[in-house]
Structure formats: C-alpha cells, structure tokens
There are 2 protein chains.
Amino acid sequence: MRILHHWSLDPGSRQIRIALSEKSLTFETEYQRFWEAPDDLIALNPSGLPPVLVEETDRGRLVLCEPRAILEYLEERYPEPPLLPSTLSDRAEARRLAAWFDGKFTAEVNACLLHEKLEKRIQSLGAPDTDAIRAGRDGLRWHLDYVSTLLDQRDGLAGPRFTLADLAAAAHLSCLDYLGDVPWDDFPLVKAWYQRIKCRPSFRAILADRLPGYPPISGYQDLDF
Amino acid sequence: MRILHHWSLDPGSRQIRIALSEKSLTFETEYQRFWEAPDDLIALNPSGLPPVLVEETDRGRLVLCEPRAILEYLEERYPEPPLLPSTLSDRAEARRLAAWFDGKFTAEVNACLLHEKLEKRIQSLGAPDTDAIRAGRDGLRWHLDYVSTLLDQRDGLAGPRFTLADLAAAAHLSCLDYLGDVPWDDFPLVKAWYQRIKCRPSFRAILADRLPGYPPISGYQDLDF
C-alpha cells in the first residue's frame, strides 16, 4: 500500500507521480488543498506541503517528504529503471539541473506565472500582478533558451537517457503548459524534447489532470501540439 | 587540485566547506562576490551562484554546482566518513531536513534576516526592511522550536550521528549567529547541539571567517557562548 498526498499542479508532486510511474510502482493518490492547511497533511509533513509519500514497509509505515528526498529514496529503494545516470559526473549534472528547476526556475518563472495566474485564484489571494506575469514570461523565455542550448548538445537534459533532470523540467513546464504559457513554437528543440516526454506512459496521468473549474488549454494533452 | 568558489556567509557554500573538511579533502578557496556577476563564476555556473566545486579527475576537470548536487556527489565519490545514515528511512529523513533548511528556513528566516541585515548592505540594495526583520526573527524562533522538538528525541537532527541534516542546519544558523541573531539561551537543546557542532574540526574555518568591514558578534567563535 502506497499513498501519495499531492496537488495536481504542484511541480514537486508531479515529479513524484512521474517517478513512481517510471518505476512501475502502483500508488493511490490523496488530493491535498494544502493552502487550507489540512490537519492530515500537517500531521504527515510539518511544512504542510505536498508531496508526501506514505509507504508500508516490513518495518512499518514510512512517511517521506520533500520532493528531492523522496526522489533519492525511490532511486535507492527501486533502482530499476534508473532515473540517474551511471557516472558520478553525469549524476551530478542531472542533480544540478533538477535543483535548477526546483530553485531558479521556480523563483524566476513559476513564482510569477503559476502563482499569479493560478494559485492566487484558487487560494483567493487577490488579483494577479501584471508586472510579475510579464517578468515570469521574460524569465520563461530565458530558461527555454538555456534548455535549448543543452538540447543542442544532448538528447536529454543531462545526457542521452531520461533522468531526474528531464523529469524535473517536464514537471515544471507541464504546469505552465496547462495554462497555455509556453511559447513552444519559438523553441523547436524544447518542443521536440517535450513531445518525446509526452509520449512516455509515465506522463499519461499528468496529461489527464483536470482542475475543477480551471480546464487546461486545448492542446495540453495532445501529443502533436 | 580542488577549488571551491564560495562566499563566506552563504549557507550553501558553508555546507560544502564543512563536508569537504569532514571527509578530510583538501581544497583551495576562491572568494566570489557573486552579486557583481563575475565572469569566471558565470562561466562555471550559468546560475551565477556559489558554491561551485572544481575537481581535477582522471577524466579531466569536473565542475560541480548546486549545494545538494555537490553534497550527493561528495557522498558517492568519498563515502568515508558517511554524512548520510545507512538505512533508507534515515537517509530520507536526513535529506528531508536538509531540504527543509535550504528551502523553508531560507525563505522564512534567512531571506529576512541574513538578506535584510547583511546582503543588502554589502550589495548596496538599500535600507533594511524592519517588518521583514521582525518576521524573520519570529520565523527563527518557530524553527528553533521545531529543532528543539527533534533534539528532544535524538542526539543529532536525523539520528544519533552527524549527518547532512546537522550540516545544513548548522551552516544556516552559523550565518545568523555571525550577526548575533540566534537567541540560543531560549533554546537550550539547540544550544547544546550547536556547541557540539562548534567543537568539530570541520567547523574551525567557519568560525574563523571574518568579512572585511563586518565583524562577527563577540562569542561567534567561542565554544562556550
């Protein structure tokens, strides 16, 4: 028995859903409106944030919090198929890029676009700040340009195989794509990479997400967009 | 030959300095005024942030960026002495707490106190925001209370041994302690834990840090404070 406490459009939660699916691990989901500070979520994770993965093990119930800690756990406990490369330098590069998306991309893009356009509405935090949205759109183009530079040298973000770097980038970008904010056509290498990711069976549930009252743009789930 | 590009009062940089020293790895340091966007730093790390560790290996020069990616690399490449526990659940707990300090503590405390009181002055970003400083002080007490709860059950943050969780917490708190902002006497368990950390040889260089023009409070380097 394995339960993932998550929120659909939280990039951290999406990373765990994709990783579990890549490793063919079955799980149930518990949808958490974390901004309402639900007691059951806070009891599991004192930070009050999803994702939280609860696993039953031989030694009892294991509660796992924080996206990167959960992903490292999954990689150590269920090494096949690997989501980190085999060499130390490639592993460091995959982790660098995953941290890049969780840190820099979140601060410069998602904190502006995802937060202003979606989270504020859902959490009743007031009107979106148009300056922040503009800054987020500029930031997104800068990041897509950087990703293009990487993909010009490699098939995946951190090498030829699908790794935690691709997984992090795709999870973050997929939330923005839900809102229709990614200018794919201006970044053909990133678009081709995301098309390949969208074809992965592990991405199916992500593409089927529908937030009540907030439908995705048309094309969100299309493999040919 | 190993060079760490760092800034003295950057908690991420401090984590790498302590980890290298715990593992008895010699290194030279390059002091980086990262807010001035130095070319050599940006050439190494496109995010422009320290720490960056440059290692010469059999296969050539390896450039490592992002604190957690560097720490995982060091743990894999130089496993002795380990800075992660041996069981999967304890490893997950150490990584959870390290992520807690790098994420939640940074946002709720260091972004207010360290940024407002020190980084703004050094980087000429204007006057400190007194509301932010007040919020940071309240946040710090909340976090110290949480750390006390953990230390009431364990000798170290994530178990009996010194781990990446202790290392992260001590690196973050040591920066605030440089400014004299930690109310140690109100949190005796945390104070006793920090006293033990201060006695570790790996912490000596941290306690010897002196920022030109910004001396630490008296007591910063004292083992009995």
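Refer to the structure presented above.
Residues numbered from 1 in each chain as written. Chains lettered and ligands numbered in written order. Predicted model: local features only at pLDDT ≥ 70, side-chain atom pairs only at ≥ 80, totals over all residues. Heavy atoms only, no water.

Participant: Help me understand the overall build of chain A, please; the structure alone is not making it clear to me.
Facilitator: Scanning chain A from terminus to terminus reveals nine helices and four strands. From first element to last, N terminus to C terminus, chain A shows the α and β order β-α-β-α-β-β-α-α-α-α-α-α-α. Relative to the 2.2 N^0.38 estimate, which gives 17 Å for 225 residues, the radius of gyration of chain A is 17 Å and therefore close to what a compact globule would have. Each of the three principal axes of chain A carries a C-alpha extent, and together these read 50 × 45 × 30 Å. Looking at the 225 residues of chain A, the share that counts as buried comes to 57%. (Helix = DSSP H or I, 4+ residues; strand = E, 2+ residues; numbered from the N terminus. Rg over C-alpha atoms; globule rule 2.2 N^0.38 Å. Buried < 20%, exposed > 50% of the residue type's maximum accessible area, 1.4 Å probe, protein only.)

Participant: Is there a simple way to think about the sheet that holds strand β1 (residues 2-6) of chain B in this case?
Facilitator: Consider a sheet: its strands pair through backbone hydrogen bonds, and that pairing is either parallel or antiparallel. Residues and elements named next belong to chain B. Within the open sheet, the four strands sit side by side as β2-β1-β3-β4. Their pairing is mixed. Only two strands of the sheet have a single partner each, and these edge strands are β2 (28-31) and β4 (60-65). Here the strands of the sheet are splayed against their neighbours by 20 degrees on average, with no regard to which way each runs. One ladder, built from four bridges, connects β1 with β2; its direction is parallel. Looking at β2, one finds that H6 is bridged to Y31. Contacts between helix α1 (residues 11-22) and the sheet are confined to β1 and β3 (52-57), with β1 contributing the most and set at about 155 degrees to the helix. (Pairing = 2+ DSSP bridges. Axes fitted to C-alpha atoms, helices over the stretch in contact; angles between N-to-C directions. Contact = heavy atoms within 4.5 Å.)

Participant: Hey, could you run me through the side chain of N45 of chain A in this one?
Facilitator: All names here are of chain A. Assignment of secondary structure puts N45 in the loop between α2 (39-44) and β3 (52-57). A relative accessible area of 2% places N45 in the buried class. Discounting chain neighbours no more than four positions away, the residues touching N45 are V52 and C65.

Participant: For this particular structure, what's the right way to read unusual backbone geometry?
Facilitator: Of all residues except glycine, most have a negative phi; of all peptide bonds, most are trans. Note that the residue after E80 of chain A, namely P81 of chain A, is joined by a cis bond; omega there is -15 degrees. Relative to the elements of secondary structure, P81 of chain A occurs in the loop between α3 (67-77) and α4 (88-110). Phi is positive for A37 of chain A, close to 50 degrees, though the residue is something other than glycine. In this structure A37 of chain A comes out as partly exposed when scored by relative accessible area, which is 42%. Despite not being glycine, S124 of chain B has its phi angle at roughly 55 degrees, a positive value. Turning to its location among the elements, S124 of chain B is positioned in the loop between α5 (113-122) and α6 (130-151).

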